[in-house]
There are 2 protein chains.
Amino acid sequence: MNVLQMPADMQSHAEALRRKGRTIAFVPTMGFLHEGHLSLIREGRQRCDDVIVSIFINPTQFGPDEDLDNYPRNLQKDLTLCRELAVNTVFTPDNAALYGDHYQTCVTLEKLPNHLCGLSRPVHFRGVATIVTKLFNIVKPHIAVFGRKDFQQLAVIRQMTQDLNFNIQIVGSPTVREPDGLAMSSRNAYLKPEQRVSALCLFKSLQMAQEMVRQGEKDTRKILAAAKTLIDSHPETQIDYITICDPDTLEDISEISRPVLMALAVKVGRPRLIDNMILNS
Amino acid sequence: MNVLQMPADMQSHAEALRRKGRTIAFVPTMGFLHEGHLSLIREGRQRCDDVIVSIFINPTQFGPDEDLDNYPRNLQKDLTLCRELAVNTVFTPDNAALYGDHYQTCVTLEKLPNHLCGLSRPVHFRGVATIVTKLFNIVKPHIAVFGRKDFQQLAVIRQMTQDLNFNIQIVGSPTVREPDGLAMSSRNAYLKPEQRVSALCLFKSLQMAQEMVRQGEKDTRKILAAAKTLIDSHPETQIDYITICDPDTLEDISEISRPVLMALAVKVGRPRLIDNMILNS
């Protein structure tokens, strides 16, 4: 397994692979890999000749009050996991190599970030779209795999990829959950035992909403109210947002007449957790 | 010579060229080709196996009061000129193919656009950086050639290329001038005969400034004042800006201690013309 740090080395390697006719699957991560990331890597492994995983905690997608400094890290374990999954190359750039002294360019989207997580994280998706543009140019993949847990991120990247004419297939991979239903997240590592119990309220509220829709409920206000009551009944929870919206535009929906996205972010103690589900009648 | 209209066709063709190991020089234009464009094409012809010229009048780099609708066009003549210069492929996309219904992504720079032309054309460089990003992803060149007449555009594109990790060499090609010194521009076609005479004031003021610097003048206020007087003495001229600045950051300079950029934009009747020169002592 190659471990490359310099963008120029990664880029030369990717171009050499392409000249040989090899296909590249790319899995961008911020490290501290869990079963969710591993499912993305396996997805890439099945689809392409080479799998390239990047591990980079991108500072520009964190707001000033967010958890950049405390974001969990474990590079040695990450590399072991990548080796076990037959990853071909791990790209581990540092900050200075990606954002030089005179750095001043960013990629922004006009509509998709103005919903869900974008409302409480105003610079987040600009940071995401910019780093992914950079990584796409460095890694030159044929496909890139992202988790559906970060539904809005996946939507932003799909749109950006299309708008900027990247010839890259964006693959959305299903959310991987703990046995009790909690969506896997690097941030789960922050949860204290009693918070870990409360954290299940995200998945429970999605399940409850799905059940209400299946039984014929079409009024999203009623569903959201019931979900809020459920979440508020769990200790240490604080809702950031909870919404039912159009899966393409992320715009709020009041009456359900087709499959819709329910998405939510809840702080459980300090960690802020997200989850989502497509609700079908 | 290939003439391709669809981005997907252009992209497939570029990828096929790269797989064959051929190098690609790219010359992006808005058409109505003049001797300045032809010099860019010749530069590309000398450096790479394949030369690809794009002809696209990009609407997003024009402000609401600018000359998008009246921008001069002559596709048949452009194609003839490209054929004569042994261009391999001309890419002539239409608006709908590049900016679809849900289009919402743009590439912005934080500093370089806040000077010179960017001040009177606030959306211009966002439009330029975005379309060039798109075209780079479609044409996949090894080098791209731009004229130094649009000095700020060249600076923006160099910075964007570096910041977004495009592995593309940006070549700046010298300004081509009419025999009397007027910088070639598609917009010169708008000039009435008496305006054509006045238009020479841009080049004359640059020459005068160069001569003042050669004779030891270091105070940029004195040089700019003399240049303004010269320009104002020509009928139908209206200065948009005239500045002496750092060629890298484009920030104003008051005392000359190294090579500096003098740049100006002057409306001559309705057409707005630009020119620039590096002043050496």
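Note that the structure is predicted; figures quoted are calculated from it, not measured.

K.L.:
Explain the relation of the copies chain A and chain B here, please?
P.N.:
What connects the two chain copies is a rotation about an axis and a shift along it. In screw terms, the move from chain A to chain B is a rotation of 180° and a rise of 0.0 Å along the axis, fitting with an RMSD of 0.0 Å. Overall, the copies show the geometry of a two-fold rotation axis. Of every C-alpha in chain A, the one belonging to A:Val107 sits nearest the axis of rotation, 2.3 Å from it. The residues that chain A uses at the interface reappear at the interface of chain B in 100% of cases, marking a shared surface.

K.L.:
Help me understand the interface of chain A and chain B, please; the structure alone is not making it clear to me.
P.N.:
Accessible area lost when the parts come together is the quantity often used to give the size of an interface. At the interface, 26 residues of chain A touch 26 residues of chain B. In terms of residue count, the dominant contributor to the side of chain A that touches chain B is strand E5 (residues 105–109) of chain A (five residues). A class-by-class count of the residues in the side of chain A that touches chain B yields ten nonpolar, eleven polar and five charged. As paired elements, E5(A) and strand E5 (residues 105–109) of chain B share five bridges and run antiparallel to each other. For A:Thr105, the partnering residue across the bridge sits in E5(B) and is B:Leu109.

K.L.:
Can you walk me through the domain arrangement of chain A in this structure?
P.N.:
All names here are of chain A. The assigned domain composition of chain A is domain 1 (2–173) and domain 2 (186–279). Contact with domain 1, which involves 14 residues of that partner, is made by 14 residues of domain 2. Where the side of domain 1 that touches domain 2 is concerned, the elements lending two or more residues are helix H5 (116–120) and helix H7 (151–163). Top element by residues in the side of domain 1 that touches domain 2 is H5. It accounts for four residues. Per-class residue counts for the side of domain 1 that touches domain 2 are nine nonpolar, four polar and one charged.

So, how was this worked out
- Residues numbered from 1 in each chain as written.
- Chains lettered and ligands numbered in written order.
- Predicted model: local features only at pLDDT ≥ 70, side-chain atom pairs only at ≥ 80, totals over all residues.
- Least-squares fit on C-alpha atoms with pLDDT ≥ 70 in both.
- Contact = placed C-beta atoms within 7 Å.
- Helix = DSSP H or I, 4+ residues; strand = E, 2+ residues; numbered from the N terminus.
- Nonpolar A, V, L, I, M, F, W, Y, C, P; charged D, E, K, R; others polar.
- Pairing = 2+ DSSP bridges.
- Domains from an automatic or database assignment.

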